[in-house]
Amino acid sequence: MPSFSRRSFLHLSAAASAAAAFRVMTEPMLAAAASRRPHAADAVVIDANENPLGPIQAARDAMAAIIPQGGRYSDNLTDDLASLFAQSEGLDPDYIHVTAGSTPPLSLAVLAFTSPQKSYVTADPAFELGMSMAAKTGARVVGVPLTKTYAHDVKAMLAAAPDAGVFYICNPNNPTGTLTPHADIEYLVANKPKDSIVLVDEAYIHFSDAPSTLDLVKAGKDVVVLRTFSKVYGMAGLRCGLVIARPDLADKVLERGGYNFMPVTAVVAATASLKDPQLVPERRRINAGIRQRTFDWLDRNGYAYIPSQSNCFLLDTKRPGKDVREAMAKENVLIGRTWPLMPTHVRITVGTQEEMEKFQAAFQKVMKGSAA
Ligand SMILES: Cc1ncc(COP(=O)(O)O)c(C=O)c1O
């Protein structure tokens, strides 16, 4: 039986109660809240779509080098990061804002653009954070099932909410890891109600070949794109993200958050990561290889899953996913949560090859009924 420290137990239970108390659902809170037990140091943790590789060496070196200057705000470093991103994407630097991950701007965008008169429109299943924020503004939350190919059903989303304030598109989608064609997002943008925004969450875009929606921002559309350094860049605990939007939209999104400085460690790590042209293709290749080997194993063993273009996928356990999750935790493998619409599916994050082999052994044991 795995051992665990009292500290990690307190940490997880605090996150779970914070999730309940504030009714705001961030990824780590949701992962912790759904966990039935604290985890051991050697547990396989594939429940929160984190990147087991962590930051690249150049990012680690940049953080170590900036520590002596930690007594300064050094906000020029944040400007440098925004300029570097703007330059690499051919955008005006005024369109880029650096934030502590994408959780704050996602929340703020929903607060800014939804109200009892302006609904929040999302796919179902989808990343839940926006829904919990919409509940705070008193907005109607409209969940529209994905299409048969697990894309956002943009026509149904438009039809369901002529009063929309925010259309939330996560591409690739969390939890399915599936893509929505660029043409569909363009259609949504062209046909949405006036004064609404299309909020495109590109947290996982680097794991896929999907084109970005930044071209629609460049074209001056009512589109807000969110990026994060938490996923492919392996910086979830360091906190860095980007809001990319027309300045008038970005101002509306960010004004409720007040002004703050970014931690210099996160900023220099993000800058060093963007400067490495190999990082994204290399990590995309690694993730895709491990994902494919996992799918091959699931195929060989007759398990059903939704093919994904991301670092997570939904696995159909054909029984209550919560029970499987609990049984897997007893095997020291923490897998992701279920979604109400698909209660037999559990979300699996693609970990290292070694972690996925441990996941396979535990999953086989749980499904064959020979687990502890
Ligand atoms: C779709 C999506 N958006 C946003 C986030 C927030 O990530 P972060 O605040 O670490 O950038 C997550 C976290 O898992 C996510 O899955």
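Conventions adopted
- Residues numbered from 1 in each chain as written.
- Predicted model: local features only at pLDDT ≥ 70, side-chain atom pairs only at ≥ 80, totals over all residues.
- Heavy atoms only, no water.
- Helix = DSSP H or I, 4+ residues; strand = E, 2+ residues; numbered from the N terminus.
- Buried < 20%, exposed > 50% of the residue type's maximum accessible area, 1.4 Å probe, protein only.
- Contact = heavy atoms within 4.5 Å.
- Areas by Shrake-Rupley, 256 points an atom, 1.4 Å probe, with all protein chains shown as cover.
- Near = heavy atom within 4 Å.
- Polar contact = N/O pair within 3.5 Å; in protein donor to acceptor, adjacent residues only side chain to side chain.
- Nonpolar A, V, L, I, M, F, W, Y, C, P; charged D, E, K, R; others polar.
- Pairing = 2+ DSSP bridges.
- Phe/Tyr/Trp six-rings, centres within 6.5 Å; stacked < 30°, edge-to-face > 60°.
- 1 Å grid on protein atoms, 1.4 Å probe; cavity = no way out; pocket = protein on both sides within 12 Å on 5 of 7 lines; lining within 4 Å.
- Points joined across faces, edges and corners; volume = space filled by probe spheres on them.
- Axes fitted to C-alpha atoms, helices over the stretch in contact; angles between N-to-C directions.

1. Considering the overall build of the chain
Reasoning step 1: On a plain count of helices and strands, the chain comes out with 14 helices and twelve strands.
Reasoning step 2: Among the 372 residues that make up the chain, the fraction classed as buried is 55%.
Reasoning step 3: The contacts of the chain with a sequence gap of at least 6 include a subset with a gap of at least 24, amounting to 71%.
Reasoning step 4: As displayed, the chain has an accessible area near 16100 Å², and 54% of this comes from carbon and sulfur atoms.

2. A closer look at the site of the ligand
Reasoning step 1: Inspection of the region around the ligand gives 15 residues, with Thr103, Asp201, Tyr204, Thr228 and Ser230 positioned closest.
Reasoning step 2: For the ligand, an oxygen atom lies 2.6 Å from a polar atom in the side chain of Ser230.
Reasoning step 3: For the ligand, whose free accessible area comes to 400 Å², the fraction covered by protein is 96%.
Reasoning step 4: Residues belonging to the shell around the ligand are distributed by class as follows: five nonpolar, six polar and four charged.

3. Considering the side chain of Thr176
Reasoning step 1: Examined against the element boundaries, Thr176 turns out to sit in the loop between strand E5 (164-170) and helix H8 (182-191).
Reasoning step 2: Residue class for Thr176 comes out buried when judged on its relative accessible area of 0%.
Reasoning step 3: Within polar-contact distance, the side chain of Thr176 engages the side chain of Asn173 at 3.1 Å.
Reasoning step 4: A polar contact is formed between the side chain of Thr176 and the side chain of Thr178, at a distance of 2.6 Å.
Reasoning step 5: The residues touching Thr176, leaving out its near neighbours within four places in the chain, are Pro125, Leu146, Tyr150, Ile306, Pro307, Ser308, Cys312, Phe313 and Leu314.

4. Quick look at the sheet that holds strand E9 (residues 304-305)
Reasoning step 1: Taking strand neighbours across the sheet as the criterion, the three strands line up as E9-E10-E12 in an open arrangement whose pairing is antiparallel. The open sheet has two edge strands with one neighbour each: E9 and strand E12 (345-349).
Reasoning step 2: Examined bridge by bridge, strand E10 (residues 312-316) and E12 share five bridges and lie antiparallel to one another. Residue pairing across strands places Leu315 opposite Val346, the latter belonging to E12.

5. Quick look at the pairing of strand E6 (residues 197-201)
Reasoning step 1: Along E6, five of the five residues are buried, which leaves the element largely enclosed by surrounding structure.
Reasoning step 2: Of the two faces of E6, both are covered, the one formed by Ile197, Leu199 and Asp201 as well as the one formed by Val198 and Val200.
Reasoning step 3: Sheet topology note: the E5/E6 ladder contains five bridges and is parallel. Paired with Phe167 across the strands is Val198, a residue of E6.

6. Regarding the packing of aromatic side chains
Reasoning step 1: Within the structure shown, the criterion is met by ten aromatic pairs.
Reasoning step 2: On the basis of an interplanar angle of 15 degrees and a centroid distance of 4.2 Å, the ring pair of Phe295 and Tyr305 is categorised as stacked. Residue Phe295 is found in helix H12 (residues 279-300), and its partner Tyr305 is found in strand E9; the two are separated by ten residues along the sequence.
Reasoning step 3: Classification of Phe295 as buried rests on a relative accessible area of 4%.
Reasoning step 4: The class for Tyr305 is buried, based on a relative accessible area of 19%.
Reasoning step 5: Summarising the aromatic geometry, the rings of Phe295 and Phe313 are spaced 5.0 Å apart at their centres and angled 85 degrees between planes, so their arrangement reads as edge-to-face. On the criterion of sequence distance, the pair formed by Phe295 in helix H12 and Phe313 in strand E10 is long-range, its members being 18 residues apart.

7. Here we look at empty space enclosed by the protein
Reasoning step 1: Per the stated rule, a full pass over the model turns up two cavities of 30 Å³ or more.
Reasoning step 2: Roughly 40 Å³ of volume is contained in the second largest cavity.
Reasoning step 3: In this structure, the second largest cavity is lined by Phe85, His206, Arg227, Thr228, Phe229, Tyr233 and Leu242.
Reasoning step 4: For the lining of the second largest cavity, the per-class residue count stands at four nonpolar, two polar and one charged.

8. Looking at the sheet that holds E5
Reasoning step 1: Reading across the sheet, the seven strands line up as E2-E8-E7-E6-E5-E3-E4 and stay open at both edges, with mixed pairing between neighbours. Strands with a single pairing partner mark the edges of an open sheet, and in this sheet they are strand E2 (96-99) and strand E4 (141-145). Strand-to-strand twist of the sheet, defined as the mean angle between neighbouring strand axes without regard to direction, takes the value 20 degrees.
Reasoning step 2: Bridge count between E6 and strand E7 (residues 223-228): four bridges; the pairing is parallel. By the bridge assignment, Leu199 is partnered in E7 with Val224.
Reasoning step 3: Strands in contact with helix H4 (residues 76-89) are E2, E7 and strand E8 (241-244); relative to E2, the strand with the most contacts, it is inclined by about 130 degrees.

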